[in-house]
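A structural walkthrough
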Protein chains: 2
Amino acid sequence: MVEKKTIKLDDVAKLAGVSKTTVSRVLNNRGYLSEKTIKKVHEAMDELNYRPNAIARQLFKQKTNLVALVFPTVDNPFFAELEAELEKRFDRLGYRVLMGNSQNNPKKERDYLKLLLNHQVDGLIVGSHNQGISEYKKTTRPIVSIERFVGKQIPVVSSDNYQGGLLAVQRLLNDGCKHIIHTNYPINLVSPNELRQQAYEDLMNKHNRKPITYSVSFDVSDEEKERVFRKMFQEHPEVDGIFADNDTNASLIIRIGKEFNRHVPDDLKVVGYDGANITRMLSPELTTVQQPIPEMATKAVELLLQLINGKTDVKSVTLPVKLINSTTA
Amino acid sequence: MVEKKTIKLDDVAKLAGVSKTTVSRVLNNRGYLSEKTIKKVHEAMDELNYRPNAIARQLFKQKTNLVALVFPTVDNPFFAELEAELEKRFDRLGYRVLMGNSQNNPKKERDYLKLLLNHQVDGLIVGSHNQGISEYKKTTRPIVSIERFVGKQIPVVSSDNYQGGLLAVQRLLNDGCKHIIHTNYPINLVSPNELRQQAYEDLMNKHNRKPITYSVSFDVSDEEKERVFRKMFQEHPEVDGIFADNDTNASLIIRIGKEFNRHVPDDLKVVGYDGANITRMLSPELTTVQQPIPEMATKAVELLLQLINGKTDVKSVTLPVKLINSTTA
DNA sequence: TTTTATATGTCAATCGGTTGACAGAAATTT
DNA sequence: AAATTTCTGTCAACCGATTGACATATAAAA
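Values in this document were obtained by computation on a predicted structure and should not be read as measured data.

**Some thoughts on the protein's contact with DNA strand C**
Around DNA strand C there are 29 residues in total, and A:Lys8, A:Arg57, B:Thr21, B:Tyr32 and B:Thr37 lie nearest to it. Expressed as a percentage, the sugar and phosphate content of the atoms of DNA strand C within 4 Å of the protein is 60%. In this structure, a base nitrogen belonging to DNA strand C sits 3.5 Å away from a side-chain N or O atom of A:Lys20. Separating a phosphate oxygen of DNA strand C from a side-chain N or O atom of A:Asn28 is a distance of 3.1 Å. Residue assignment for the surface near DNA strand C shows that the elements contributing at least two residues are helix H2 (20-28) and helix H4 (54-61) of chain A together with helix H2 (20-28) and helix H4 (54-61) of chain B. Here the surface near DNA strand C gets six residues from one element, more than from any other, and that element is H2(A). When its residues are assigned to classes, the surface near DNA strand C shows 11 nonpolar, 10 polar and eight charged.

As structure tokens, then:
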């Protein structure tokens, strides 16, 4: 087998009869160059089918144009849409995007942080919900978080969780629900969505109702989730309204409800959360609080770029949410 | 502001009172080293909070441990699950994964191919459906495709599309459907799922029925898709069975069907395709042909690694599909 | 005691581009 | 004709880690 040698800048220079620097100038459009030389160099590059080695360039420039997205998984409509929107925007700006699906595994989250610290990526967007990753406190390198508190120095992009909670619960109240239950992640996870629970409790208390919350961790199996929701219907047969923490769970709750002979929207009203495209497509009948995913992506990219470009006083932002009415109820 | 200097290997060497090579030996566990030296070096690294520069290492090693996934979008249950499964497997093997959502845009697909040729990634997994990307023919670098024919040299991982087509149509026939319509991508896209159409037509012909296919391009707006499906119901009011090209379209068709007062499964039977987790979660009532996504990911990773490791006769594989019965019908 | 194996460490070239410093030639000004 | 500006191009250091070649010291074997 013929050993295929990598063509390097030097080979191009030799063939074109110029120096390495001249070739580099042609590549980077730098300094003064004669038309003749440019042509010669381009011909040599074509003839040799030359491809500059990006790694060498990155080493010198101290920049990779890579960012990493650290989220629990891409296999979830909210994160999938968010990551897709982020990728689209970064791509336009000349950044490539590393997928870091942490599965809510602190080790993997740390690994990606190491990537950042090893100069392999220029910045990080974190949306996974691990706690106690102390490394975040040690670094001043560019990190933006989405819907999660990470540390004092790290700007957060989130949607208005308190308002979202109000919208959802108010809707259930308006629809005449008497016994409203809330499902949420375990609140020990440092996430702004505990504000939803706050809103739920505030509104319930205001109406002299007793708030009841069922917690389901994000990363347990579907079977475990089903178990919890069955328990919910068993322990609270009076329930007639549910404010679910996300649309997938809302959908699951509706299915479990059917087992208990509850039918939406007659016997049971459910409001979900997130309102991602895919969910709207596959479950259009679901009422939900929609997070402004494209806008959140835009903001997160904007903030990360500010950090990458050396800005120091980068501020967190909160974006408004919207109640999406179901198509059937 | 204090300029924060990057700590490099040389700084560690100086603090530990040894040479650069010695530090490198400690880092890479190479050659003979005294316990004492190892300890000294580690202490120096800790004290300086040293992080090796991965780019420099990559330059020397001529390996980035990066692979790119080029798919139309991650915002689709099938691709999302596939990419998540791929990422999980690559991560275990020490590879980081670049997201390349091509939106079926040939330019973006070419850009990612360039990344490969620029030595920025060690391999590529392509699943987007662009045509005429001639660059693929020029390269011998590691590429594996999923559910798509790219070129003679490039191994393909696909599921058994012909069998999937048979299962879907046979199911509709068994359920007593008399007028079955198939929806598909425009077949000019070089994809093995034209085999589904083949199966549909073969089976229809065998039963002396006239095959009717409606084509919807993958990347048009939801509104356009709705338009096409409405047209389908208008032009063929007799339709009582539909074999859809994917679950999202199946869900959309069911919704449009309701507009025409067709109710599943009484007046209309629909079989979707893909059977991704998210879809099963959000639309459990949908009958579908399930592709073995985890197995496809496993195979694709396996083949790509063979290529990366220099194997030359890497063979394409086809994996079996499964009909998933709806929960309600 | 001499030879050989094992342990410890240093030097300098290398991976493949990039760019500041500098030099000579041609064009323009004074 | 001399001085200045504009082109065109070369040289060598540099980005940061890796490793083959080599030197010396110590321990084990002959």
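Read on for the rest.
**Overview of the pattern of salt bridges**
Residue and element names in this part refer to chain A. Within the structure shown, the criterion is met by 36 salt bridges over all chains. Linking Asp122 and Lys63 is a salt bridge whose minimum nitrogen-to-oxygen distance equals 3.4 Å. Separated by 59 residues along the polypeptide, Asp122 in the loop between helix H6 (106-117) and strand E3 (123-126) and Lys63 in the loop between H4 and strand E1 (66-71) bring together distant segments of the chain. Note that Glu109 is salt-bridged to Arg148, the shortest N-O span being 2.5 Å. A residue pair is termed long-range when its members are at least 10 positions apart, and Glu109 in helix H6 and Arg148 in the loop between strand E4 (143-146) and strand E5 (156-159) qualify at 39 residues.

**What to know about the interface of chain B and chain A**
With 55 residues of chain B at the interface, the matching set in chain A holds 55 residues. Buried area between chain B and chain A, both sides added, is near 5100 Å², and the carbon and sulfur share of it is 61%. There are four salt bridges connecting chain B and chain A. Across the salt bridge formed by B:Asp91 and A:Lys108, the nearest N and O atoms sit 3.5 Å from each other. In this assembly, chain B and chain A are joined by 20 residue pairs in polar contact (both at pLDDT 80 or more). Those elements that provide at least two residues to the side of chain B that touches chain A are H4, strand E1 (66-71), helix H5 (77-92), strand E2 (96-101), helix H6 (106-117), helix H11 (247-259) and helix H12 (277-282) of chain B. With eight residues, the top contributor of residues to the side of chain B that touches chain A is H5(B). Tallied by class, the residues present in the side of chain B that touches chain A amount to 22 nonpolar, 19 polar and 14 charged.

**Comments concerning the sheet that holds strand E2 (residues 96-101) of chain A**
Spatial strand order, E11(A)-E5(A)-E4(A)-E3(A)-E1(A)-E2(A)-E2(B)-E1(B)-E3(B)-E4(B)-E5(B)-E11(B): 12 strands in an open sheet with mixed pairing. What marks the edges here is a single partner per strand, and that holds for strand E11 (317-319) of chain A together with strand E11 (317-319) of chain B. Direction aside, neighbouring strands of the sheet carry axes that sit 20° apart on average. As paired strands, E2(A) and E2(B) are joined by three bridges and run antiparallel to one another. Bridging from a neighbouring strand, A:Met99 pairs with B:Val97 of E2(B). Sitting on the sheet, helix H5 (residues 77-92) of chain A touches E1, E2, E3 and E4 of chain A together with E2 of chain B, and the angle it makes with E1(A) is about 170°.

**Concerning the sheet that holds strand E9 (residues 269-274) of chain B**
Residues and elements named next belong to chain B. An order of E7-E6-E8-E9-E10-E12 is seen for the six strands of this open sheet, with the pairing classed as mixed. Pairing within the sheet leaves two strands with one partner each, and these edge strands are strand E7 (212-215) and strand E12 (322-324). Geometrically, the sheet is characterised by an average inter-axis angle of 20° between neighbouring strands, direction not taken into account. Direction of pairing for strand E6 (residues 180-184) relative to E7: parallel, over a ladder of four bridges. The residue of E7 that forms the bridge with Asn184 is Ser215.

**A word on the relation of the copies chain B and chain A**
Overlay of chain B on chain A (RMSD 0.1 Å): rotation 180°, translation along the axis 0.0 Å. Such a turn and shift between the copies fits a two-fold axis. Proximity to the rotation axis, assessed at the C-alpha, singles out B:Leu98 in chain B; its C-alpha lies 2.2 Å from the axis. By residue overlap, the copies meet face to face through one surface: 100% of the interface positions of chain B are interface positions in chain A.

**Some remarks on the packing of aromatic side chains**
Residue and element names in this part refer to chain A. Going through the model one piece at a time under the given rule, you end up with 10 aromatic pairs over all chains. Each ring, one from Phe233 and one from Phe260, has its centre 5.3 Å from the other, and the planes form 20°; the classification is stacked. With a gap of 27 residues between them, Phe233 in helix H10 (residues 222-235) and Phe260 in the loop between helix H11 (247-259) and strand E9 (269-274) connect regions that are remote in the sequence. Exposure remark for Phe233: the relative accessible area of 2% places this residue in the buried category. Taking relative accessible area as the criterion, Phe260 reaches 26% and is therefore assigned partly exposed.

**Considering the UniProt feature "domain: HTH lacI-type" (unreviewed entry) in chain A**
Those residues carrying the UniProt feature "domain: HTH lacI-type" (unreviewed entry) are residues 7-61 of chain A in this numbering. When the span residues 7-61 of chain A is considered, its composition is 71% helix and 0% strand, and the gap between its end C-alpha atoms is 21 Å.

**Focus on the protein's contact with DNA strand D**
The local shell around DNA strand D holds 28 residues, among which A:Thr21, A:Tyr32, A:Thr37, B:Leu9 and B:Arg57 are the closest. Counting only the atoms of DNA strand D within 4 Å of the protein, the fraction contributed by sugar and phosphate is 61%. Backbone polar atom of A:Leu33 to a phosphate oxygen of DNA strand D: 3.3 Å apart, as the coordinates give it. A distance of 2.8 Å separates a base oxygen of DNA strand D from a polar side-chain atom of B:Thr21. Broken down by secondary-structure element, the contributors of at least two residues to the surface near DNA strand D are H2 and H4 of chain A together with H2 and H4 of chain B. Here the surface near DNA strand D gets six residues from one element, more than from any other, and that element is H2(B). Its residues assigned to classes, the surface near DNA strand D comprises 10 nonpolar, 10 polar and eight charged.

Definitions and cut-offs
Counting restarts for each chain: residues are numbered from 1 in the order of the written sequence. Both sets of labels track the order of writing: A upward for chains, 1 upward for ligands. Per-residue local features of the predicted model are confined to residues with pLDDT of at least 70, and side-chain atom pairs are confined, for both listing and counting, to 80 or more; whole-chain, interface and lining totals are unaffected and use all residues. Values shown for side chains rest on all heavy atoms present in the structure; no hydrogens or waters enter the calculation. Residues are labelled near a given molecule or strand when at least one of their non-hydrogen atoms is within 4 Å of it. Polar contacts, as used here, are pairs of N or O atoms within 3.5 Å; protein pairs need one atom able to donate a hydrogen and one able to accept it. Residues neighboring in sequence count only if both atoms are side-chain atoms. Strands here are runs of E lasting at least two residues and helices are runs of H or I lasting at least four, both read from the DSSP assignment and numbered beginning at the N terminus. Only Asp, Glu, Lys and Arg are considered charged in this grouping, and only Ala, Val, Leu, Ile, Met, Phe, Trp, Tyr, Cys and Pro are considered nonpolar; every other residue, Gly among them, is considered polar. The term salt bridge refers to a pairing of a side-chain nitrogen on Lys or Arg with a carboxyl oxygen on Asp or Glu at a separation within 4 Å. The criterion used for residue contact is that any of the two residues' heavy atoms lie within 4.5 Å. When two parts are put together, the accessible area they lose, computed with a 1.4 Å probe and summed over both, is reported as buried area. One requirement defines pairing of two strands: DSSP has to find at least two bridges between them. Only C-alpha atoms enter the line fits that serve as axes; for helices the fit covers just the stretch in contact. Angles between N-to-C directions range over 0 to 180 degrees. The copies were overlaid by least squares, fitting only the C-alpha atoms of residues that reach a pLDDT of 70 or more in each copy. For this analysis, a ring pair means two rings from Phe, Tyr or Trp (six-membered ring only for Trp) whose centres lie within 6.5 Å, classed as stacked if their planes differ by under 30 degrees, edge-to-face if by over 60, and tilted for the remaining angles. Using a 1.4 Å probe on the protein chains alone, a residue whose accessible area is under 20% of its type maximum counts as buried, one over 50% counts as exposed, and one in between counts as partly exposed. UniProt positions are given in the numbering used here, feature names are shortened, and annotations may be inferred rather than shown by experiment.

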